[in-house]
Amino acid sequence: MYGALWRVLPGPVWLRILILIVLAALVLYCLVTWVFPWVDSLLQSNEEGTVAV
Amino acid sequence: MHARRRAAGGSGARRRKVSVVGVIGELLVTAGVLVLLFLGWQTWWQSAVLGAQQNSAAGQQSQDFLDQASASPTPTPTPTVAPDGTKTVDYGPPPVMKAPGFAESFAVIYVPRFGADWKRTIRESVDVEAVLNSYDAGVGHYTGTQMPGAVGNFAIAAHDTGYGNTFIDVSKLQVGDAIYIQTKDGYYTYRFRNMEYISPSTVQVLYDVPQVKDAKATDRYITLTTCNPPYHAQERIAAFGVFESWQPLSAGPPKEIAAEVGSN
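Predicted model, so just to flag it, every value in this text is computed and none were measured. All chains use their own residue numbering, which begins from 1 and follows the written sequence. The naming scheme follows written order: chains are lettered A onward, ligands numbered 1 onward. Note on the predicted model: pLDDT of at least 70 is required for a residue's local features to be given, and 80 or more for side-chain atom pairs to be given and counted; whole-chain, interface and lining totals, by contrast, use all residues.

**Thoughts on the overall build of chain A**
Rule in force here: Only DSSP runs of H or I with at least four residues qualify as helices, and only runs of E with at least two residues qualify as strands; both kinds are numbered from the N terminus onward. Neighbour density around each residue's C-beta defines its exposure: 20 or more other C-beta atoms within 10 Å make it buried, 12 or fewer make it exposed, and counts between make it partly exposed, where C-beta atoms are placed from the backbone.
A tally of regular secondary structure across chain A gives 2 helices and 0 strands. Counting the 53 residues in chain A, one finds 9% classified as buried.

What follows is the structure, encoded as structure tokens:
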């Protein structure tokens, strides 16, 4: 899977590494901004800290 | 030579053929990395990064109050000298603001016990998305409870862990610890008095006199609620404080928080 990704990328090794770093940063950004908060709301590991009936 | 190289390339291509087991393995490794990233996000990113972000947002908010205040008139203080010679300035009964709109930022809270540079913006309502999980707030005011300085109970809530770890140190409060609230009107000083471990349904802590039903309040209280234990939510902590004094913004901040007011 990752081997195939490496072969699909164009250019010399340094360019491929650069592209991979940018891709990883993008994925990380999406995770932190949308995916993790969503998973967290499903887990309910931290409820509001409020009192309610 | 040419032919040999081509042959080698051909066998190489066969070796690189994607195998089902290989893909499953890579997917599992990826899943493991994602779980680790999530845990890192939950424990480190949320406490350190978001906490710092909320802190600097609170600094900005407090500066905004100072900027707005420079236009409004200031009350004239009545200096009094105690028998032992210490001068105190009495600004009279504290001003009480009208209840703000939903998710409106109306105050900044400083609790030196939570850390020398700890401060957070307080917003109206305890809405999870707009207030408690917000990257530039963190503390919510229970709508319907009193405003700062009012007779009765000024009740606020925040997460203990996650989204800035806002109230993680509530259980470390010691009797007499200061809780400062800054609004557009001034600085209100409350002193921590006691705390209780309660069930999540104990709304009695929000009463005008905390825990006493239908009592007519004569004092000014503050109540902080948060989850307990850390990383879980089976219980709540309610920390109670009583009002001590107030001073207008023009009088400058209380000494203990002077460095934090308006600092990002």
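**Comments concerning the overall build of chain B**
When its secondary structure is counted, chain B shows 3 helices and 10 strands. Listed by position from the N terminus, the elements making up chain B come as α-α-β-β-β-β-α-β-β-β-β-β-β. Taken across its 264 residues, chain B has 38% of its residues classed as buried.

**Focus on the pairing of strand 10 (residues 235-248) of chain B**
Residues and elements named next belong to chain B. Keep this limit in mind: Each pair of strands is called paired provided DSSP finds at least two bridges between the two strands.
One ladder, built from 12 bridges, connects strand 8 (residues 186-198) with strand 10; its direction is antiparallel. When the bridges of strand 10 are listed, T189 appears paired with S245. With 8 bridges connecting them, strand 9 (residues 220-228) and strand 10 associate as antiparallel partners. When the sheet's bridge partners are listed, N228 is paired in strand 10 with E235. Taking the residues that link successive antiparallel strands as the turn, the strand 9-strand 10 hairpin has 6 residues, and the phi of Y231 there is positive, at about 70°.

**A look at unusual backbone geometry**
All names here are of chain B. Put simply, N228 and P229 share a cis peptide bond, and its omega is -5°. Positioned with a positive phi, Y163 is a non-glycine residue whose angle comes to about 50°. Residue placement: Y163 occurs in the loop between strand 6 (152-157) and strand 7 (178-182). At Q211, a residue that is not glycine, the phi angle is positive and equals roughly 75°. Mapped onto the elements, Q211 comes out in the loop between strand 8 and strand 9. Of the residues examined, Q211 has 16 C-beta atoms within 10 Å and is grouped as partly exposed.

**A closer look at the interface of chain B and chain A**
Applicable threshold: Contact between two residues is assigned when their C-beta atoms, built from the backbone, lie within 7 Å.
Each side of the interface is counted separately: chain B has 31 residues, and chain A has 18 residues. Of all elements in the fold, only helix 2 (20-69), helix 3 (128-132) and strand 9 of chain B reach the threshold of two or more residues within the side of chain B that touches chain A. Considering every element that reaches the side of chain B that touches chain A, the biggest residue donor is helix 2 of chain B, with 7 residues.

**Observations concerning the nonpolar core**
All names here are of chain B. Short version of the rule: Here a nonpolar core is just a set of buried residues of the types Ala, Val, Leu, Ile, Met, Phe, Trp, Tyr and Cys, joined wherever their C-beta atoms sit within 7 Å.
If you look at the biggest cluster of nonpolar residues, it comprises 49 residues, and the most contacted ones within it are I109, I122, I156, I179 and A239. Mapped by element, the contributors of at least two residues to this core are helix 2, strand 3 (105-110), helix 3, strand 6, strand 7, strand 8, strand 9 and strand 10. Look past the residues within four positions of I156 in its chain and what remains in contact with it is I122, V139, G140, H141, Y142 and L224.

**Some words on the pairing of strand 4 (residues 119-124) of chain B**
Residues and elements named next belong to chain B. Across the 6 residues of strand 4, 6 count as buried, placing the element largely inside the fold. Going residue by residue along strand 4, you find K119, T121 and R123 tucked away on one face and R120, I122 and E124 tucked away on the opposite face as well. Examined bridge by bridge, strand 4 and strand 5 (residues 139-141) share 3 bridges and lie parallel to one another. Within the sheet, the bridge partner assigned to R123 lies in strand 5 and is G140.

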